[in-house]
Amino acid sequence: MSHLLDGKKLAVIGDPIEHSLSPIIQQAMLDELGISCTYERILVQAGSVAAWLPSAPELNLAGFNATMPHKTDLVPLMDTLSDDARMYRSVNTVVIREGRFHGHNTDGEGFLRALHDAGMEHRNRRVVVYGAGGAARSVVLKLTAAGAENVTVCCRTPKKAEELAARSPRIRLCGLAETACEEALQQAGLFINCTPLGMQGVQAQFDDFSFLDRLPASTPVCDLIYRPLKTRLLEEAEKRGHPAANGLGMLIHQAILALEQFASLSLDADLMKKAVMKRLLPVLNRGQLPPESRKVPG
Ligand code: NAP
């Protein structure tokens, strides 16, 4: 049976883009579904997404994913925005239909689905989030909207997160070394690392892990990082008896949700996850980087 994506293209845009795993993930799902559509990387230089966007339909694209640094710049360029994209003021998925651009953001919902796959609960929990960048923003706003009791954002530069904290009285903000952060850890029912500390290729690591000793016994610990699959944070959390989950589930679920938008289909998440893991795990285990990106003039 033919599908609306047959003969079309999909892509991920960003700058840099060569490290994106989206082509592997999306192509695995497209192949599993028997849809003849190719998914590629396109380097769109920082600051040039508005100039690039009108060329997207001419490239035969039915849609594209967006990563750093374009997610915010895309917001005012969309013809329509989903509720989540409007809430985060950030777009990671653009569907192109009849020359119109429809902006979505699947990060927060992807995180929630991964959390529940891991058997972790957020509803009526006090959550502590380390970091206040783009990923933290989606996670914090989604958790707040989806029933967390409150979310304390502990970060290095609280000034940068004042706008996020102002979005809800249930979002609290403090510096990593403040007493308020220690107190929040002591009451936390869920801990999430949204900093790149411990990520492969990033020199910075947590100075020490004694903050984990403040968490109540068996509070789940999530790391958004998926390279390596098990960070030092997750190792240390498991040593202390906390359930631990990496960022792979979020990565895959946000991609499934994006493909549902591109394809106008409701997908079997377990089937898609299996197809993705088969191609992705060897890459992650080898630490191998995907091939070169295709450069498109900005
Ligand atoms: P980002 O926008 O650059 O934000 C990074 C945050 O971490 C900022 O709050 C930053 O603080 C803080 N930070 C950086 N270095 C730090 C250090 N040495 N000490 C304390 N805080 C530090 O990055 P992002 O896009 O939010 O990504 C964050 C992490 O999530 C990355 O590891 C990324 O790979 C991962 N991620 C995973 C998924 C997934 O699907 N699993 C999706 C998105 C992101 P300052 O503001 O002070 O610099």
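Treat the numbers as computed from the prediction; the structure is a model and nothing was measured.

Reading the values: rules and limits
- Residues numbered from 1 in each chain as written.
- Predicted model: local features only at pLDDT ≥ 70, side-chain atom pairs only at ≥ 80, totals over all residues.
- Heavy atoms only, no water.
- Near = heavy atom within 4 Å.
- Polar contact = N/O pair within 3.5 Å; in protein donor to acceptor, adjacent residues only side chain to side chain.
- Areas by Shrake-Rupley, 256 points an atom, 1.4 Å probe, with all protein chains shown as cover.
- Helix = DSSP H or I, 4+ residues; strand = E, 2+ residues; numbered from the N terminus.
- Nonpolar A, V, L, I, M, F, W, Y, C, P; charged D, E, K, R; others polar.
- Domains from an automatic or database assignment.
- Contact = heavy atoms within 4.5 Å.
- Buried area = accessible area lost by both parts, 1.4 Å probe.
- Salt bridge = Lys/Arg side-chain N within 4 Å of Asp/Glu carboxyl O.
- Pairing = 2+ DSSP bridges.
- Axes fitted to C-alpha atoms, helices over the stretch in contact; angles between N-to-C directions.
- Phe/Tyr/Trp six-rings, centres within 6.5 Å; stacked < 30°, edge-to-face > 60°.
- Buried < 20%, exposed > 50% of the residue type's maximum accessible area, 1.4 Å probe, protein only.
- Disulfide = S-S within 2.5 Å.

## So, the site of the ligand
Moving on, step 1. Around the ligand lies a shell of 21 residues, among which Ala132, Ala135, Arg156, Thr157 and Gly247 are the nearest.
Moving on, step 2. Here an oxygen atom of the ligand sits 2.9 Å away from a polar atom, N or O, in the side chain of lysine 160.
Moving on, step 3. Relative to its unbound accessible surface of 920 Å², the ligand loses 76% to contact with the protein.
Moving on, step 4. For the shell around the ligand, the secondary-structure elements that each account for two or more residues are helix 5 (134-145) and helix 9 (248-263).
Moving on, step 5. For the shell around the ligand, the class distribution of residues is 13 nonpolar, six polar and two charged.

## Quick notes on the domain arrangement of the protein chain
Moving on, step 1. If you check the domain split of the protein chain, you get domain 1 (9-107 + 254-293) and domain 2 (120-242).
Moving on, step 2. Across the boundary between the two partners, domain 1 contributes 13 residues, which contact 11 residues of domain 2.
Moving on, step 3. When domain 1 packs against domain 2, close to 1,000 Å² is buried across both sides, 53% of that on carbon and sulfur atoms.
Moving on, step 4. On the domain 1 side of the contact with domain 2, Met87, Tyr88 and Leu284 bury the most area, a combined 49% of that side's loss.
Moving on, step 5. The interface formed by domain 1 and domain 2 holds two salt bridges in total.
Moving on, step 6. Of the charged contacts, one joins glutamate 163 and arginine 89 as a salt bridge, the two residues approaching to 2.6 Å between their closest N and O atoms.
Moving on, step 7. Seen at the junction of domain 1 and domain 2, the total is five residue pairs in polar contact (both at pLDDT 80 or more).
Moving on, step 8. Going through the elements one at a time, helix 3 (83-88) and helix 10 (269-286) are the ones with two or more residues in the side of domain 1 that touches domain 2.

## As for the sheet that holds strand 7 (residues 126-130)
Moving on, step 1. Overall, parallel pairing links the six strands, which are arranged 9-8-7-10-11-12 in an open sheet. On the outer flanks of this sheet lie strand 9 (171-175) and strand 12 (244-245), each paired with one strand and no other.
Moving on, step 2. As judged from the three bridges shared by strand 10 (residues 190-193) and strand 11 (residues 221-223), these two strands associate in the parallel manner. Among the inter-strand pairings, asparagine 193 is bridged to a residue of strand 11, identified as aspartate 223.
Moving on, step 3. Contacting strand 7, strand 8 (150-155), strand 9 and strand 10, helix 5 crosses the sheet at an angle of about 160 degrees to strand 8.
Moving on, step 4. Contacts from helix 7 (residues 179-186) reach strand 7, strand 8, strand 9 and strand 10, with the element oriented near 130 degrees to strand 7.

## Section: the packing of aromatic side chains
Moving on, step 1. Under the counting rule described, the total for this entry stands at eight aromatic pairs.
Moving on, step 2. Here the aromatic rings of phenylalanine 209 and phenylalanine 211 are separated by 6.4 Å at their centres, their planes lie at 35 degrees, and the arrangement is tilted.
Moving on, step 3. Here phenylalanine 211 falls in the buried class, since its relative accessible area comes to 10%.
Moving on, step 4. Aromatic ring contacts, followed pair by pair, group Tyr130, Phe191, Phe206, Phe209 and Phe211 into a single cluster.

## Considerations on the state of the cysteines
Moving on, step 1. Scanning all chains against the criterion turns up zero disulfides.
Moving on, step 2. Not engaged in a disulfide, the cysteine cysteine 222 finds its nearest cysteine sulfur in cysteine 194; these two sulfurs lie 9.0 Å apart.

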